[in-house]
Amino acid sequence: MPRWAMVIDLDKCTGCQSCTLACRMENNVPFAGQEQASKGRAIFWNEVFAYAEGEYPHVKMTIIPRPCFHCENPPCVKVCPVGATYKDEEQGLVLQRYERCIGCRYCTVACPYGVRYFNWYQPEWPTGTDRYQNPNVPLRPKGVVEKCLYCVHRLPIPACVQACSSGARYFGDLDDSNSEVAQLARSPRAVRLLEDLGTEPKCIYLKEGL
Amino acid sequence: MQMRDDEVLFRSVFQSGRRAYLLVGILLAIIAWAVYAYVHQVATGLGVTGMNRPVFWGVYVTNFVFFIGVSHAGTLVSAILRITGAGWRRPITRAAEAITVFSLVLGVSSILIDLGRIDRIWALIRYPRFESPLLWDISSVSVYLTASVIYLYLPLIPDVAMLRDRLSAVQGRRSWRRWLYSKLALGWTGSAQQWRRLERGISIMAVLIIPIAVSVHTVVSWIFAMTLQPTWHSTIFGPYFVVGAIFSGIATLILVMVVLRKAFGLEAYLTPRHFNNLGLLLLTMTLFWFYFTFAEYLTEFYGGEPAPLGVLMTKLGGAFSPAFLAMVFFCFVIPFVVLAFRRTRTIAGIAIAALLIDVGMWLERYTIIVPTLTLPRLPYPTGSYSPTWVEWSVTLGCLAAFALAYFLFSRLFPIISIWEVQEGENAHVPAAEESAASESTV
Amino acid sequence: MPKISRRTFLRVLGAGMAAATASELRPGGPLLRALTEEEKAALQDGQDQWLPTVCGQCPAGCGIMVRVVDGRAVKIDGLPDHPSNRGKTCPKGQNGLQVLYDPDRIRGPMKRVGDRGAGDWQAISWEEAIATVVSQLTMLRFAGQSHTLVFLTGRVQGQMEGLIRRFCQAYGTPNYVGHDSISMAATELAHGYITGHRALFGYDWENTNYLLSFGVAFLEAYQPTVRNLRLTGFMRRGRPNQRTRIVQVDTRLSVTAAKADEWVPVIPATDGALALGMAYVIISESLYNHDFVARHTFGFEDWTDDAGVTHLGFKTLVLRDYAPAQVEAITGVPSDTVARLAREFATTPPAVAIANRSVSMQSNGLFNQMAVEALNGLVGSFDRPGGPMVQRPAPYLPWPDVPLDDAAEMALAQPRMDHAGTDRYPLAEAVYQQLPDSIVHDDPYPVSALFLYYTNPLFSSPQVEPVREALKKVPFIVSFSPFLDDSSVYADLILPDHTYLERLQDVEMVPSTGYPVVGLRQPVVAPLFDTRHTGDVLVEVAKKLGGTVAMAFPWNSFEEVLQYRINGLWRSEQGDIIATEYPFFWEEFRRRSLWSDPPYRFGEWSRVFQTPSGRYEFYAQGLKADLAKAAGAEAEIDALLAKMEVQARGDEAFLPHYEPPRSAGDSAQFPFFFDPYKLMTHAEGRGANQPHLQETLGTLLNQKWDTWLEINPRIARYLGIADGDEVWVESPAGERLKVRAVLYEGARPDVVNMPFELGHEAYGHWAKGRGANPNRLVMNDTNPLTGTLNPFATRVKVYKA
């Protein structure tokens, strides 16, 4: 069975956020609204974050799209008291059982990458917006945790990978040494975030530049 | 002497008056408001609190750790002192054991209140995962709660029997109490065999309950320490939390004792000597606590790893420095000064120190949990946290519930273990007289 | 990957085709008809399919496909075959469903019942709505006042532009006013003088090795954005061992600048000087493409005209005035950098320089643009692989002549309300931002009717408030907007159009691939509400007006208009749809939602250069001719230039040159340049009611749902402003906005930046009352020469609130 992994080439990424939007539309992620977003409760299964280093005019801006990394050694799965988040060994994915989650948020706190989000309220779908819900993805109720699932319902191409305008995102089987992701993972530009924590994340970034 | 003890000590059980009703009324009102806040939270969602991403845990988890910490009062005082044969423990064991039980219940309640889906609590029973520190915690706390209830109950039996007998002697007393006491007395007659069994039982529990208690707060600390979060992932957390628990437990015990002493006129039984000893214990714990805290901070600071250092800096000059400073003053600086010197180590002084320590220890839990969460490892924007009225209401409600439970308990049962006190007094009588006295009661 | 399901469409259209005749299309004889109710229902019947159409969130025209399940549109992705976006979308494209299903959409035609702007509406029938329009227009025409109708358009696409223009002509009003003057008109004008094509260029990014962008929001708002994003990925990593170098000259660290290899901060409005400084080095070190310059350009060397007069050439001018040291003083860019960029640019072929709004929408904008374009001429990248291309237009069938009766003839001879083409704005085709003033002052005559199509002047105009006065004055205002936007609130009648996912329309790709691409926007769901295609409405109105107006529209619906015009594509026998009969062509066009005619053939010099010299003109003879015409004689040009507030005189005025920009506001009182900019999520100002876009509003600074002001941290500290503080931003007009300040190291100390998109007073509950509209601060500083707005000329002051 495939060991799914994602590669994001930061040299190709243009920071457009198509991935974030495609993910939201595909996975029925509700918007939080201005008030809740300002309290830090907006849900982004895929989040594009940016940070600046340096002083004018020598400023380096880094833009990083971040899905869940579906770690091989996931800290979140370890701490879930009821197995609402679990590792599907067949596919190498960390998945969710929404109906079992008790909302303790231990997994959200254990994840060093901050990829998990919580439904602080019952998600709102103002009239009309429920029309564009994707029938293939379950809606989540209040009080449960959710996160990127590498579009397990529409493998082998997650929505973000399809939507990426510059073709910066790749997805495939890491165990197939001829697959694009496996080859790119062997690139000298390949890095993984917080690698020294031992989580063995399966999202590999390719550094910018030559 | 026996009769005088009874009078004084039973007064608390049979006393009633307007002030009592007023107190209960106020406490019930606060609790009712807290229940309303919680129901609002269940109906609407945890969004009514101040928690957010990245600060997913806040006041509720702080309360959880705090209350479970306080629950170590009973264990230390009662069990350890019992094993070491410290006689001065006698008037305070029950008060301590009661704190343990109620505090534990509130600790468990706090974490249940924190759940996003309380309606799915059954999942913990159907699909438990013992790889998770939360399950260790549930197991450990369940055992501790069971043991504590037993440990509270066993020494209660002789006193309950006394109450039963007392009520039977007087006609027209309210029957439900007599019924309750007879049931709880389990047919206690005070026979030598029963006493032997009781003492045996209590001794076993006293020994067992110490490692259980240690495990409880160790496991609570491991909820944090088993994650990879900066400043949480520390090997020292187990002992650190246990020390802190005992620390706050003793402080709470002192406070409770001050209140009881005043409310029930128990000056003869809760003497300055007791307070002095507890005060010295508190001083010892202050030093222990300071030692662990200092070791933690120095290690992180000196090592200078960016992630933990960032968290430290929020406490040493950033958003959490007021809380941190208050904690240091309340937990160490002021108590040390007050408790180290005889002149200030009066009941009043000790009480003030204890109160500050309780507040300080709550702040300690808060500043362990929240600052780390505000600084994600990845360069997201820094988080912030402002608890809302819901969280404060629930917290106040828990405190009120504690007070109410305690009050009701002291209405039902003598808050001082009469037979133990008497046992202690009789210990000064030559052994022969004691054995003669015990034989005559067979 | 989900496949496009053809079966349903074929099944549905098969029925239609059976009823079709196989003759050629003639005006008045429709060949195919729109879907019947039955066919529409079939589309909704338990199906799960992907239907192709064209996105409408910006002007680019990317092909998309929409997944429709049980009649509900649930996901949008790019159309794989579309040559521009090739299956990709930008976030706005992904979010189109929030436009379709916006809960605040207008449900059907409405008429105003209360005071203008009070917001009291009554739902009416289409019959009544159209009857009202027809009667108003008839009365006006009868009174000889048809020219007092102003038809204001913004994001008009496909045949709607031609249709509306035709309507205006036949009805009899010269006042068709588009919004290019607040957009890219100056860039297009510059292109027109250099190549003879007054349009944007396409670019062959697949082969570019050096991209030098002067302030172009390449990765954010430079249509067609998705093609830029896609090909940026290609330029970086698409060719083994070759990675295009990308340099961004910009007044702010934009996303484009952040992803570039180098950001060159530059003083606003001085980009032209920088380009000329580079030209100096390229010329003086003889790095230019001698062959191209000699064979395909005009005006590089000094030249003598037929009358024996010697004229200044580009080379002489550059070497005289634009040494790197002088350029450093003007632009703030160190002379070594100027020289280095020049050498890199000239020695890394194919190299392309681009510039757009931020460079051309200045008082010296026309010349800035010419200066930047000159670099492409110097290195010879123009119309070569990797370089700018002149897009071939799609071969639509020409419109039939417009029959004009006397009333129309007389009306069309009247002057325009916006004074375009007069000596106020001699080179302009339209001056959108002149209208409010003209309307308020009845200059040159009172306006009786205003039609608003895809434009929101009470939001998009400089200063904004003057528009309100104008709207209050006009007695009859009709809006075709599907949303109750700021301007529509002041309308008398609203005749809501379909949103783009419900609409049939052709969308010719903006210049990009060089070869023509026409997408077909078609309904993927049945219209949600009682809306009607504005094209259909106008055709019906025209027919009901009778006379020559009706005669000008020998079609019964917009679809027939479309089929008529698209027929030209079939007839041309070009492109990738081969059909022996037009019905088959049309069916295939519908099935694919796409027609294109690759490849682009480089080097068609006679097509590419339509200038007087037939060459790439450094010396813009076209400009000289236009100015001569406007001035009356060549000798009068200098006087005209003085009047137009241009500083150059003589030959220099027709060459790329730099002259200091004019600012609105004195720099002592108003120390900052004001830079209102477009974000990726900025859907042409239409995104404020789209919650997902608002929640992902600003990537670089993690901003959501609100407007902000970017200010350099050192300057902020000096002003006592901390990150997140509320500040006032005030313009010389006295107007001010209160926004949050965000400290940003990517902000120049002399510039403050504020994104467009928010600050509506209507437009749905998510948009209303949220954020601030930078247009309010923008001074109505118009370039007399080009008629274009100079929003970046506005200076502001900032202080703590």
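Residues numbered from 1 in each chain as written. Chains lettered and ligands numbered in written order. Predicted model: local features only at pLDDT ≥ 70, side-chain atom pairs only at ≥ 80, totals over all residues. Heavy atoms only, no water.

1. A word on the overall build of chain B
Counted only if it meets this: Helix and strand assignments come from DSSP, with helices taken as H or I runs of at least 4 residues and strands as E runs of at least 2, each series counted from the N terminus. Radius of gyration here uses only the C-alpha atoms, and the compact-globule reference equals 2.2 Å multiplied by the residue count raised to the power 0.38. Throughout, exposure labels follow a simple rule: accessible area from a 1.4 Å probe, protein chains only, divided by the maximum for the residue type, with under 20% read as buried, over 50% as exposed, and the rest as partly exposed. When charges are counted, Lys and Arg contribute as positive and Asp and Glu as negative, whereas His and the chain ends are disregarded. By convention, the charge on Lys lies at NZ, on Arg at CZ, on Asp at CG and on Glu at CD.
Scanning chain B from N- to C-terminus turns up 17 helices and 0 strands. In terms of overall size, chain B behaves like a compact globule, its C-alpha atoms giving a radius of gyration of 23 Å where 442 residues would be expected to give roughly 22 Å. Viewed in the frame of its principal axes, chain B has a C-alpha envelope of about 75 × 50 × 45 Å. Here chain B holds 442 residues, and the buried ones make up 56% of them. Charge centroids of chain B, computed over 33 positive and 24 negative side chains, lie 6 Å from each other.

2. Comments concerning the interface of chain C and chain A
Quite often, the size of an interface is put as the accessible area lost when its parts meet. Inclusion rule: By the convention used here, residues are in contact when the closest approach between their heavy atoms is within 4.5 Å. Values labelled buried area give the accessible surface lost by two parts on being combined, using a 1.4 Å probe and summing over both. Every case where a carboxyl oxygen of Asp or Glu lies within 4 Å of a side-chain nitrogen of Lys or Arg is listed as a salt bridge. Under the rule applied, a polar contact is a pair of N or O atoms within 3.5 Å (in protein, one hydrogen donor and one hydrogen acceptor; residues adjacent in sequence only if both atoms are side-chain atoms).
The partner chain A presents 58 residues to the 57 residues of chain C that form the contact. Between chain C and chain A, roughly 4800 Å² of surface is buried when both sides are summed, and carbon and sulfur atoms account for 59% of that area. Taken as a group, Arg237, Lys259 and His692 of chain C account for 14% of the area that chain C buries against chain A, more than any other trio of residues on that side. The interface formed by chain C and chain A includes 5 salt bridges. Linking chain C to chain A there are 25 residue pairs in polar contact (both at pLDDT 80 or more).

3. Considerations on the environment of Gly304 of chain B
Residues and elements named next belong to chain B. In this structure, Gly304 sits in the loop between α11 (272-303) and α12 (306-315). The exposure class of Gly304 is partly exposed, given its relative accessible area of 31%. For the pair formed by Gly304 and Val337, sequence separation is 33 residues and the distance between their alpha carbons is 32 Å.

4. Thoughts on the nonpolar core
Quick reminder of the rule: Among buried residues, the Ala, Val, Leu, Ile, Met, Phe, Trp, Tyr and Cys ones that are joined through side-chain atoms within 4.5 Å form a nonpolar core.
Counting residues in each nonpolar core, the largest one holds 225 residues, and the members touching the most others are Trp57, Phe224 and Tyr406 of chain B. Top element by residues in this core is helix α10 (residues 237-264) of chain B. It accounts for 15 residues. Contact partners of Tyr406 of chain B, with chain neighbours within four places excluded, come to Ala95, Ala96, Ala98, Ile99, Phe102, Val256, Leu260 and Ile415 of chain B. Among the nonpolar cores identified, the runner-up in size contains 103 residues, and Tyr222, Met235, Ala279 and Ala620 of chain C belong to it.

5. Regarding the environment of Val54 of chain C
Residue and element names in this part refer to chain C. By the secondary structure assignment, Val54 is in strand β1 (residues 48-54). Measuring from C-alpha to C-alpha, the distance between Val54 and Glu761 comes to 30 Å, with 707 residues separating the pair along the chain. Beyond its immediate sequence surroundings of up to four residues, Val54 is in contact with Gly61, Cys62, Gly63, Ile64, Tyr500, Val507, Gly519, Leu520 and Arg521.

6. Some details on the pattern of salt bridges
Here the structure, examined in full by the defined rule, presents 73 salt bridges over all chains. Two residues, Glu35 of chain A and Lys39 of chain A, come together in a salt bridge whose shortest N-O distance is 3.3 Å. We note a salt bridge from Arg112 of chain C to Asp492 of chain C, for which the minimum N-O separation is 2.7 Å. Highlighted residues: Arg112 of chain C in strand β4 (residues 110-112) and Asp492 of chain C in the loop between β18 (476-479) and β19 (493-494), separated in sequence by 380 residues. Linked by salt bridges that have partners in common, Arg3, Glu72, Lys87, Glu89 and Asp175 of chain A make up one network.

7. Digging into the state of the cysteines
A covalent bond between the sulfur atoms of two cysteines is referred to as a disulfide. Keep this limit in mind: A pair of sulfur atoms, both from cysteines and within 2.5 Å, is called a disulfide here.
Under the defined criterion, the tally for this structure stands at 0 disulfides over all chains. With no disulfide of its own, Cys398 of chain B has Cys104 of chain A as its nearest cysteine by sulfur position, at a separation of 19 Å. Residue classification places Cys398 of chain B among the buried residues on the basis of a relative accessible area of 5%.

8. Considerations on the side chain of Gln694 of chain C
For Gln694 of chain C, the location among the structural elements is in helix α28 (residues 691-695). Excluding residues that lie within four positions of it along the chain, Gln694 of chain C makes contacts with Gly687, Ala688, Lys704, Trp705, Glu757, Leu758 and Arg770 of chain C.

Everything listed here is a matter of geometry and, on its own, says nothing about what the molecule does.
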